Structures are given as C-alpha cells and as structure tokens.
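The lines below spell out each chain.
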Amino acid sequence: MLKNKKIVYFCQECGFESAKWMGQCPGCKAWNTFVEEAISTKKPSGSAAKSQDKRQEPVILKDINLSEDERQTCGIGELDRVLGGGIVPGSLVLVGGDPGIGKSTLLLQVCRNLAEKDVSVLYISGEESLRQIKLRANRIGTFKDKLQLLCETNLEVIREIIERKKPDVVIVDSIQTMFHEDISSAPGSVSQVRESTNILMQLAKGMGVSIFIVGHVTKEGNVAGPRVLEHMVDTVLYFEGDRHASYRILRAVKNRFGSTNEIGVFEMQSSGLEEVKNPSEFLLNGRPEDASGSVVACSMEGTRPILVEIQALVCQSNFGIPRRTAVGTDFNRVNLLMAVLEKKVGIHLASADAYVNIAGGMKMTEPAIDLGICLAVVSSYKDIVIPDTVMAFGEIGLSGEVRAVSMAGQRVQEAKKLGFETVILPEVCRSSMENTQGIKLVYVSRIQDAISYIMK
Ligand SMILES: [Zn+2]
C-alpha cells in the first residue's frame, strides 16, 4: 500500500513542502501550520503524461495569432471589466470570498448569460445538490438548455466528462470539495487542492476551455488551503464587502490578461447580483447633512475615479493613551496624517481619541485620500461642517505639503458629473486642468491652505 506513497509535511498557510515536521514555517514564518499528508509518487497518468509525449516546436513571434475579439463577454459589464474585457479562452479563474457572499450566485448568472449566447456551459457542484442549484437558479430567471449541471467531486470523473462533452466554459464550485483518488488526504487539504487545480489547469490549457474555480476564504482572508493556488491560476478575483451589507465589490488581485486595479461593484438583490454602474453615486447615498467630520474624497480604482465619504470622529480621551482606529484605510497612514496635523498645523490631537472610517465598507489605500482624511479630522475636531458640495483630493507629505496625484482631471470630471460645486486639489495639478467650467477649483499647496478654506 505504501509503495507509491510518501509522507510529506505542508504548511497550510503558504503550501511550503518539507520532509519533516517543523514548528515554524521557513516560507511564511507562521507557527504550527504544518500538517502531515501522504502524497503519491506514481508517474502522472492521463493527459498529463500524454501531453509530455507531444512534440513541441518553437514558433516565430509574429506567427502567433492574437485577436482581442477572442474574448467572450459574459454580459455582466462589471465582471467583464474586472476580467480585463471578458473571458479569455483557456483561462483559469479563481473566485474567492466569504461563504454566502454571492460567488455561486454570480457564476450562475454568468452561466445564464453565456447559455443565452449559445455558449455551452458545464456547472460542476460539489457543494449543493441538483435540487438546491435549481432553487437558486429559479430566483435568477430562466435558463437555456446550453447549461448542463453535474454533482461530482471526483476529478477523474470530471476530467472524463469535460473531455467527452467539450464545453466552452466550466464552473467548479468549490475547489475545497474536489478530490483525486491518487491522493490519500482529505478534500480541502493542501495536496488535494494543489493536485485538483493542476488537473483543471491542464484541462484549461490543453482544450482551451475557460474554467472558473470557486474558493472559500478563511478568517484571515486567504483562500482556504494554500496560497500556492493563487500562483497556479491566471486570474484571482476576490469578493469584498460585508455580507450583511447589500453591495459587493469584486476585485482582481492577480490577472494575467488585464489590470489588477479594476473593481466591479454589485448590489445583492433577491434576483441575484445587480451591477452598480455608478459606484460613486451609490456609495454617497445616505450621506449625513450638516454633520461635522464628514468629507467626500476621490480614489482611483483602476481606470475609474470613485468618490467616497470619509468620516472622522475626534473627541477628548479619558485615558493616558488615546484610542485610534481606522476602518477601510491604512491605520498607520492615519496616525502619520494626525502627526502632521499636530506638528505642522498645531492642532492638539495627542490627547484626543480619533476614529476614521471610509463609509460604505470600501477599502481604500490610495494616498490621494490623505487630504480628505485630514479635512475630516479637522472638521470633527473643530466641529465645523464642510458643505456637502465640496470634494477634496491630494497626497499629504510629511512637511504638510499637498502633493500631486495622478489623473486629477478625471477626478474633477467625476465630481462635476455628480453635482459637486467645489473641488479642493493640489496646486501642482493646475496645469493639467481643462474643461472646468461649472465647477469651482480651489488649489492648495499646503494643508493649512485647505484648512483655512473650509474654516472661512
Ligand atoms: Zn508557510
């Protein structure tokens, strides 16, 4: 029995492989993450062995045919954007996110749209029964016959079916339930996930079928099992957002066929995930009126400017060490900005508690929101209301200077589109401004200038 088997140890965090157990992983420095797994040392069977027999010849670069129109749009604009303009044939896409956030629903909607266009789709579920999928599908709408369903977790069976049915697009829900007979460890373990992904990758590349893999996410926010999974696939998409909130953000963290900065915004409704075409408008909904500590800032997410409300609450601390939190942005950055306000503007924040929050649960780390954070903090500290028609962006340097940010023009246009009347922006962006009728631009070169503008 043990003839073709070997015992190895895997780090569950990063997939580091070792011949013996170790307390600390040399790969990711995590403690107590090694688990024992028996792996097969047999020669690879099936198409892996076959593909090695095939003779490959080098080709000249100009002979390689690259036509952009090969991409298959899935009919959901926000998803197409995140994918870089549609589904690339032969690509392997990992869709990760918390359980219940809408991964299966979105992919079922993709299936529906593709089947509508006469693309043959195979939906493989290891999680739900056919009846459960049917119930979910009924909520989404009617489906064409081009969609086929399969409840299976054995990858050899799945491989055989894909090779026989030759679908254009395959959905595997989820990778943690799939297993290969040659590997003795349980489904969801590092070696099973790795081997399963390997087989799916061979199928995708060998047959030109696009495969979407659903991956569940652990509490730490990684795809359960190893991070090696992320290295193997072409594209990694993550669902962000609170499962209790109505909207979801789909972000590409890796994409071999497009930009990794793009995000897609969806709203969860009873009929599935609806695209949010104008995220700024959506995120600014329900903004408080005449409240201090609130200001609208602008962050570029990929090619799109997105306006968000930054909220700050500053109050006298009752303890020796003031309490500070930052939700949706970098905590250390907020501390740094508060130190700049203390030293360069003379606002005494050292004995004040401060809470900074990006409203709507978005995560934003672009330095262009610095000015917004500073103005929100000052607004709350001095208890002055910044009019809700004012938007601000700019990076703050350590000596209190307001530095240039990219694509200032686009940000101003977005503010104009949403009916803002005033934009506070870096002085250095003045030369790049054009077509600014109908909106008042306030150029500032130091943080003090911006503060004196809102205080007057
Ligand atoms: Zn590790």
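In this text, all values refer to a predicted model and were calculated from it rather than measured experimentally.

Caption draft 1: Geometry of the overall build of the chain. Summing up its helical and strand segments, the chain has 12 helices and 21 strands in all. Considered along the principal axes of its C-alpha atoms, the chain spans approximately 80 × 55 × 50 Å. Within the chain, buried positions represent 49% of all 456 residues. A separation threshold of at least 6 residues defines the contact pool for the chain, and within that pool the share at least 24 residues apart is 67%. Of the roughly 21800 Å² of accessible surface on the chain, 50% is carried by carbon and sulfur atoms. In the chain, the 53 positive side-chain charges and the 55 negative ones have mean positions that sit 3 Å from each other.

Caption draft 2: Region of interest: the sheet that holds strand 13 (residues 294-301). Strands sit in the order 15-16-14-13-17-20-21 across an open sheet of seven strands; the sheet is mixed. The open sheet has two edge strands with one neighbour each: strand 15 (324-327) and strand 21 (440-444). The average undirected angle you get between the axes of adjacent strands in this sheet is 25°. Packing against the sheet, helix 10 (residues 370-382) makes contact with strand 13, strand 14 (304-316), strand 16 (352-358), strand 17 (390-392), strand 20 (422-426) and strand 21, and its axis sits at approximately 30° to strand 14.

Caption draft 3: Region of interest: the domain arrangement of the chain. For the chain, the assigned domains are domain 1 (1-42), domain 2 (70-277) and domain 3 (282-454). The gap between the C-alpha centroids of domain 1 and domain 3 is 48 Å.

Caption draft 4: Looking closely at the nonpolar core. Counting residues in hydrophobic clusters, the biggest one holds 48 residues, and the most contacted among them are Ile310, Met362, Leu371, Leu375 and Ile424. Counting residues per element, this core draws most heavily on helix 10, at seven residues. Shared between two domains, this core takes at least three residues from each, and those domains are domain 2 (70-277) and domain 3 (282-454). For Leu375, the residues in contact, after removing those within four places along its chain, are Val295, Ile386, Ala392, Ile424, Ala450, Ile451 and Ile454.

Caption draft 5: The packing of helix 5 (residues 155-165) against helix 6 (residues 190-207), seen in detail. Between helix 5 and helix 6, the least distance of the axes is 11 Å, while the angle of their chain directions is 10°. The angle between the axes of helix 5 and helix 6 places the two elements in the roughly parallel class. For the pair helix 5 and helix 6, the contacting residues are Leu155, Glu156, Arg159, Ile162 and Glu163 in the first and Ser196, Ile199, Leu200, Gln202, Leu203 and Met207 in the second. Of the residues that constitute the contact of helix 5 with helix 6, the class distribution is six nonpolar, two polar and three charged.

Caption draft 6: Layout of a nonpolar patch on the surface. A cluster of nonpolar side chains, Val59, Leu61 and Ile64, forms an exposed patch at the surface whose accessible area comes to about 340 Å². Inspection of the secondary structure puts Val59 in the loop between helix 1 (47-53) and helix 2 (77-83).

Caption draft 7: Representation of the environment of Phe266 in the model. Here Phe266 shows up in strand 11 (residues 263-269). What makes Phe266 buried here is its relative accessible area of 0%. Along the primary structure Phe266 and Pro322 are separated by 56 residues, whereas in three dimensions their C-alpha atoms are 37 Å apart. Ignoring any residue separated from it by four or fewer positions in sequence, one finds Phe266 in contact with Ile76, Glu78, Leu79, Leu106, Ser246, Tyr247, Arg248, Leu250, Leu273, Glu274, Glu275 and Val276.

Caption draft 8: Inspection of helix 5 at higher detail. Residues of helix 5 that are buried include every one of Leu155, Ile158, Arg159, Ile161 and Ile162, and no others. One side of helix 5 holds all its buried residues, which, seen down the axis, span an arc of 165°. For helix 5, the N-terminal capping position is held by Asn154, with its side-chain oxygen 2.9 Å away from the main-chain nitrogen of Glu156.

Cut-off values and rules
Residues numbered from 1 in each chain as written. Predicted model: local features only at pLDDT ≥ 70, side-chain atom pairs only at ≥ 80, totals over all residues. Heavy atoms only, no water. Helix = DSSP H or I, 4+ residues; strand = E, 2+ residues; numbered from the N terminus. Buried < 20%, exposed > 50% of the residue type's maximum accessible area, 1.4 Å probe, protein only. Contact = heavy atoms within 4.5 Å. Areas by Shrake-Rupley, 256 points an atom, 1.4 Å probe, with all protein chains shown as cover. Lys, Arg positive; Asp, Glu negative; His and termini not counted. Charge placed at Lys NZ, Arg CZ, Asp CG, Glu CD. Pairing = 2+ DSSP bridges. Axes fitted to C-alpha atoms, helices over the stretch in contact; angles between N-to-C directions. Domains from an automatic or database assignment. Core = buried A, V, L, I, M, F, W, Y, C linked by side-chain atoms within 4.5 Å. Parallel < 35°, antiparallel > 145°, perpendicular 65-115°, else oblique. Nonpolar A, V, L, I, M, F, W, Y, C, P; charged D, E, K, R; others polar. Patch = residues over 30% accessible without salt bridge, like charges linked within 9 Å, V, L, I, M, F, W, Y side chains within 5 Å. Salt bridge = Lys/Arg side-chain N within 4 Å of Asp/Glu carboxyl O. Arc of directions from axis to C-beta. Polar contact = N/O pair within 3.5 Å; in protein donor to acceptor, adjacent residues only side chain to side chain.

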